[in-house]
Amino acid sequence: MSLGKDVHSYSNFDEVIITHIYPRLVVDFQRRIIHGYVDLSVERKVADAKLLRLDTRGLSIERVHAKSTNAALPWTVPKYHAHLGSCLEIDISSIKDQSFVVQIHYATSRTLSGGIQWFAPVQTAGKQHPFVYTQFEAILARSMIPCQDTPAVKAPYTIEVTCPDPLVVACSGTQVGSAERVDLYEDGKHWLRYTFDQKMPIPAYLIAMACGAIQRKAMGPRTGVWAELPPLEAAAYEYAGTEEFLDTASKIAGIP
């Protein structure tokens, strides 16, 4: 599989481009994987484009279908590349609309998810609960979400993350409502579902998620810091000037 316009991405964003990303994911600390599905809103830039090529890294693809009709879409994943992952190639020739949504069900890899960092309770400050966070820069968003993992593509995203109660999720967006208690399995264990929305179009590597025994401390009307309780005050002190920095940047850029 040859590379696209960006030599670090397999995506054919010059033919078909993602306009919105909506993952709905479950954090499984026991298996150290994240699983679920993502809705990708896409738009043809070339009217007769027949393929949608996405970047992945170690993802186990379960099924792919057109959301509007639930019709299965043929897909292939060629040989894995150590640095770039694999190309998920989806046949979209059966879809005649110029704009549509593709839904992909999948799970991450325990060993190949370089952008997802897992910690046992003993490795955390509180020593009571596990912790996971993501760091996707520069090309590791593909290890959690099949996407066009290139700064040439910027899209808003909405994300739902379900985790074990009483853990907390933080993402690079605005939280929508409060955590919702859900029962995923008939095992008596409770889970919490968090939703975040990022309306600003951003490259995939700026999608971020953390889950653990964390809390938020506000430092201003637009800024705050997330951390475990023992180092929370120290973290807030370290970033105390963030709101002032943002005010200054807004004045320079002329953006409120």
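Notes on the structure follow. All values reported here derive from a predicted model rather than from experimental measurement.

So, how was this worked out
- Residues numbered from 1 in each chain as written.
- Predicted model: local features only at pLDDT ≥ 70, side-chain atom pairs only at ≥ 80, totals over all residues.
- Heavy atoms only, no water.
- Buried < 20%, exposed > 50% of the residue type's maximum accessible area, 1.4 Å probe, protein only.
- Helix = DSSP H or I, 4+ residues; strand = E, 2+ residues; numbered from the N terminus.
- Arc of directions from axis to C-beta.
- Contact = heavy atoms within 4.5 Å.
- Core = buried A, V, L, I, M, F, W, Y, C linked by side-chain atoms within 4.5 Å.

## Here's the deal with helix α1 (residues 229-238)
Inference 1: Among the residues making up α1, those that are buried are Leu232, Ala235 and Ala236. For α1, the arc enclosing every buried residue in end-on projection is 100°, short of the 170-degree limit, so these residues lie on one face. Facing away from the buried side of α1 by more than 90 degrees, the exposed set consists of Pro230, Glu233, Ala234, Tyr237 and Glu238.
Inference 2: On its buried face, α1 sits against β16 (214-218) and β17 (224-228).

## Re the environment of Gly114
Inference 1: Along the polypeptide, Gly114 turns up in the loop between β7 (99-107) and β8 (116-119).
Inference 2: A relative accessible area of 32% means that Gly114 is categorised as partly exposed.
Inference 3: If we skip the residues at most four places from it in the chain, Gly114 touches Arg57, Leu140 and Ser143.

## Here we look at the nonpolar core
Inference 1: Among the nonpolar cores identified, the biggest contains 55 residues, and Ile90, Ile104, Val169 and Met209 are the most heavily contacted of them.
Inference 2: Apart from residues lying up to four places away in sequence, Ile104 is in contact with Gly36, Tyr37, Val38, Leu40, Leu54, Ile61, Arg63, Val64, Leu88, Ile90 and Pro146.

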